[in-house]
Amino acid sequence: MMEEEELEFVEELEAVLQLTPEVQLAIEQVFPSQDPLDRADFNAVEYINTLFPTEQSLANIDEVVNKIRLKIRRLDDNIRTVVRGQTNVGQDGRQALEEAQKAIQQLFGKIKDIKDKAEKSEQMVKEITRDIKQLDHAKRHLTTSITTLNHLHMLAGGVDSLEAMTRRRQYGEVANLLQGVMNVLEHFHKYMGIPQIRQLSERVKAAQTELGQQILADFEEAFPSQGTKVAWLDKIDRRYAWIKRQLVDYEEKYGRMFPREWCMAERIAVEFCHVTRTELAKIMRTRAKEIEVKLLLFAIQRTTNFEGFLAKRFSGCTLTDGTLKKLESPPPSTNPFLEDEPTPEMEELATEKGDLDQPKKPKAPDNPFHGIVSKCFEPHLYVYIESQDKNLGELIDRFVADFKAQGPPKPNTDEGGAVLPSCADLFVYYKKCMVQCSQLSTGEPMIALTTIFQKYLREYAWKILSGNLPKTTTSSGGLTISSLLKEKEGSEVAKFTLEELCLICSILSTAEYCLATTQQLEEKLKEKVDRHLQQYSAAGSGSGCCL
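How each quantity is defined
Residues numbered from 1 in each chain as written. Predicted model: local features only at pLDDT ≥ 70, side-chain atom pairs only at ≥ 80, totals over all residues. Heavy atoms only, no water. Helix = DSSP H or I, 4+ residues; strand = E, 2+ residues; numbered from the N terminus. Buried < 20%, exposed > 50% of the residue type's maximum accessible area, 1.4 Å probe, protein only. Contact = heavy atoms within 4.5 Å. Expected span 1.5 Å × (residues − 1). Phe/Tyr/Trp six-rings, centres within 6.5 Å; stacked < 30°, edge-to-face > 60°. Axes fitted to C-alpha atoms, helices over the stretch in contact; angles between N-to-C directions. Parallel < 35°, antiparallel > 145°, perpendicular 65-115°, else oblique. Salt bridge = Lys/Arg side-chain N within 4 Å of Asp/Glu carboxyl O. Arc of directions from axis to C-beta. pLDDT = per-residue confidence, 0-100. Nonpolar A, V, L, I, M, F, W, Y, C, P; charged D, E, K, R; others polar. Core = buried A, V, L, I, M, F, W, Y, C linked by side-chain atoms within 4.5 Å. Domains from an automatic or database assignment. Patch = residues over 30% accessible without salt bridge, like charges linked within 9 Å, V, L, I, M, F, W, Y side chains within 5 Å. Areas by Shrake-Rupley, 256 points an atom, 1.4 Å probe, with all protein chains shown as cover. Polar contact = N/O pair within 3.5 Å; in protein donor to acceptor, adjacent residues only side chain to side chain.

- Naming follows an unreviewed UniProt entry, where the protein appears as VPS53 isoform 10 of Pongo abelii.

Below, the structure written as structure tokens:
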């Protein structure tokens with residue numbers, strides 16, 4: 001029975017001592033041990049086999065048993081000591097628990113006192129911050145009120161001073177004061193619902209309106225227009241002299257009243273040009289029969305000179321809002337012939353070499369004011385065209401008379417056929433006419449002048465060239481330039497004297513020179529004439545009419 005009870009106790013003890021892996025791992029970490037008896041998976045049989053691996057090792061079994069008994073005795077002593085030491089643990093634990101409870105009660109009381117004091121302090125801080133916020137708001141409102149009152153005082157005083165200076169026409173002082181009043185008035189936009197503020201704003205607007213009306217009236221009085229719109233073309237110099245004087249007076253008296261970027265002097269000059277162009281156009285339509293060539297050219301020259309004066313004085317920045325607009329890119333020159341006028345020596349050289357191309361001078365500077373006044377003369381250029389028609393006719397008649405008086409050119413075997421001097425004179429005259437015409441217009445007047453030159457170039461070809469060819473007996477229709485250029489055989493070949501051959505060579509050289517020069521002029525006209533008129537310039541230039 002004792003053995004069975006012991007076995008049951010051992011099994012119960014093993015069941016109690018069966019710990020979970022987590023507990024066993026924690027114990028091993030806290031109390032590390034290399035003793036096999038401390039292992040959780042201890043096996044007695046394996047342990048005995050380890051102690052007595054062979055039969056020979058059984059010889060010292062007594063010594064091993066004694067060591068185990070000694071170890072058991074020590075463990076019993078340790079257990080006994082621990083059990084005895086735990087006898088008073090319960091009483092000591094109860095005493096420690098009571099002391100801990102008292103300490104906790106004391107700590108709770110202190111925490112409650114601290115909490116009460118903290119609540120009182122928080123309430124006090126809230127009251128202090130509330131007072132500070134009220135003082136801060138009061139300070140902010142007081143500062144805003146003082147600033148607003150100062151602005152109101154400045155606005156009221158500024159409006160009174162503005163009205164007084166406006167009545168006294170003190171424009172220099174008003175300019176600075178008005179800007180300051182407008183700046184102060186901006187601070188009162190949100191207060192316009194207040195009748196007094198709205199009244200001050202209306203007074204400022206009324207003062208601005210009155211200032212504008214007064215300034216316009218003063219300028220109209222300072223720049224009288226009496227007698228500036230009824231002068232005829234012969235008095236056109238007075239127009240331009242008058243505006244020059246007015247511009248000088250403006251700069252001296254009123255120049256500092258306006259900002260420089262307003263370009264008031266240029267605006268005055270541009271307005272004068274618009275008025276002048278309109279009035280000149282009216283007068284010339286009314287008195288068209290009184291316009292003479294010299295008077296027209298005089299007016300055009302003086303007007304273009306004045307436009308050049310404007311280009312030197314002003315930039316043309318105000319022309320963008322007028323009837324004429326400033327070109328963003330450099331405008332093309334209106335003059336297709338920018339070469340220098342040929343001198344007599346150059347004309348003689350051109351006559352000998354058969355070339356009128358002279359060294360060119362640099363292009364004239366761009367003029368944004370070109371045509372701003374002189375455009376009104378374009379409808380009346382027919383007077384100039386008719387005059388040149390008459391002059392070219394007289395020139396051709398003089399060439400015919402001179403040829404008959406001087407006779408054919410003398411034979412000169414060294415030079416061959418020389419170009420007739422009258423041909424160079426004809427082209428030089430035409431070139432001068434085109435220069436004068438192109439200074440004003442590159443449109444229809446230039447085409448009309450080209451058509452007239454074409455007509456007289458044909459007359460020159462028939463009267464001077466073809467009309468003076470030697471007569472022959474072999475041709476019933478007479479000798480022509482075209483017939484001279486055809487090859488003939490046998491009896492058809494005409495016999496000419498040395499003087500006749502010299503004359504024929506001169507006529508052919510002159511015809512060739514006319515053809516080459518006309519073609520050059522035709523190319524220049526195509527480049528310079530208005531784009532929509534280029535086809536007319538090609539058709540009407542007259543190249544080939546001499547053959």
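Having seen the model, we can carry on.
1. Observations regarding the overall build of the protein
- When you go through the protein residue by residue, the secondary structure sums to 17 helices and zero strands.
- Relative to its 547 residues, the protein shows a buried fraction of 30%.
- Of the contacts formed within the protein by residues at least 6 apart in sequence, a portion of 77% connects residues at least 24 apart.

2. Observations regarding helix 13 (residues 421-438)
- Spanning 18 residues, helix 13 covers 26 Å between terminal C-alpha atoms, matching the ideal 26 Å at 1.5 Å per step.
- When you tally the buried positions in helix 13, you get 13 out of 18 residues, the bulk of the element.

3. Here we look at the packing of aromatic side chains
- The full count for this structure, using the stated rule, is ten aromatic pairs.
- On the numbers, 6.5 Å between centres and 80° between planes, the contact of Y240 with F272 is edge-to-face. With a gap of 32 residues between them, Y240 in helix 8 (residues 236-253) and F272 in helix 9 (residues 264-286) connect regions that are remote in the sequence.
- Y240 sits in the buried class, given a relative accessible area of 4%.
- Considering the side-chain rings of Y430 and F453, the 3.7 Å spacing of their centres and the 20° angle between planes classify their relative orientation as stacked. Taken together, the residues Y430 in helix 13 and F453 in helix 14 (residues 444-465) connect sequence positions 23 residues apart.
- Under the relative-accessibility criterion, Y430 is labelled buried at 3%.

4. Re the packing of helix 12 (residues 382-406) against helix 13
- Interaxial distance between helix 12 and helix 13 falls to 11 Å at its minimum, and their mutual angle equals 170°. It follows from the interaxial angle that helix 12 and helix 13 lie roughly antiparallel. Residues Y384, Q388, N391, L392, L395, I396 and F399 of helix 12 form the contact with helix 13, whose participating residues are S422, D425, L426, Y429, C433, Q436 and C437.

5. A short note on the pattern of salt bridges
- For the coordinates displayed, the defined rule picks out 14 salt bridges.
- Ionic pairing is found between R398 and D402, a salt bridge with its closest N-O pair at 3.7 Å. With a gap of four residues between them, R398 and D402 both fall in helix 12, about one helical turn apart.
- A relative accessible area of 44% means that R398 is categorised as partly exposed.

6. A closer look at helix 10 (residues 293-313)
- Taking 1.5 Å per residue as the helical rise, helix 10 with its 21 residues ought to reach 30 Å, and the 30 Å between its terminal C-alpha atoms agrees with that figure.
- Taken residue by residue, helix 10 has V293, L295, L296, A299, I300, T303, T304, F306, E307 and L310 as its buried positions. Across the axial projection of helix 10, the buried residues extend over an arc of 160°, all falling on one side. Seen from the open side of helix 10, the exposed residues pointing more than 90 degrees away from its buried face are K294 and K312.
- Of the surrounding elements, those touching the buried residues of helix 10 are helix 8, helix 9 and helix 12.

7. Some words on the confidence of the model for the protein
- For the protein, mean pLDDT is 77; residues scoring 70 or higher make up 76% of the total.
- Contacts of residues 321-364 to residues separated by more than four positions or lying in other chains number 69 contacts, the stretch itself having pLDDT below 50.
- Counting interchain partners and residues more than four positions distant, the pLDDT-below-50 stretch residues 543-547 has 18 contacts.

8. Here we look at unusual backbone geometry
- For R169, which is not a glycine, the phi torsion comes out positive at approximately 60°.
- Relative to the assigned elements, R169 resides in the loop between helix 5 (89-168) and helix 6 (171-185).
- In this model, C263 sits at a positive phi of 50°, which is unusual for a non-glycine residue.
- Tracing the backbone through its elements, the reader meets C263 in the loop between helix 8 and helix 9.

9. Some thoughts on the side chain of S201
- Residue position: S201 is located in helix 7 (residues 195-222).
- Of the residues examined, S201 reaches a relative accessible area of 9% and is grouped as buried.
- Residues in contact with S201, not counting those within four places in the same chain, are L185 and M192.

10. A few points about the packing of helix 13 against helix 14
- Where helix 13 meets helix 14, the axes come as close as 10 Å, and the angle between the chain directions of the two elements is 170°. Taken together, the axes of helix 13 and helix 14 lie roughly antiparallel to each other. Contact with helix 13, carried on its side by S422, C423, L426, F427, Y430, C433, M434, C437 and S438, involves P445, M446, L449, T450, F453, L457, Y460 and I464 of helix 14 and no other residues of that element.
- Of the residues belonging to the contact of helix 13 with helix 14, the class tally is 14 nonpolar, three polar and no charged.

11. Side note on the nonpolar core
- F377, Y384, L426 and Y460 are the most contacted members of the largest nonpolar core, which totals 73 residues.
- Among the elements of the structure, helix 8, helix 9, helix 10, helix 12, helix 13, helix 14 and helix 16 (498-528) are those that each provide at least two residues to this core.
- The greatest single-element share of this core, amounting to ten residues, is contributed by helix 14.
- When residues are assigned to domains, this core turns out to be shared by domain 2 (228-320) and domain 3 (377-470 + 495-540), each giving three or more.
- Judged by nonpolar contacts, the second largest core, of nine residues, contains V181, L185, F188 and I197.

12. Some points on a nonpolar patch on the surface
- Judged by side-chain polarity, L19, V23, I27, V30 and F31 come together as a nonpolar surface patch covering roughly 460 Å² of accessible area.
- With respect to the helices and strands, the residue I27 is situated in helix 2 (residues 21-30).

13. Looking at the environment of D389
- Tracing the backbone through its elements, the reader meets D389 in helix 12.
- Linking D389 and Y456, residues 67 residues apart in sequence, is a C-alpha distance of 8.5 Å.
- Side chain to side chain, D389 and K455 meet in a polar contact 3.2 Å long.

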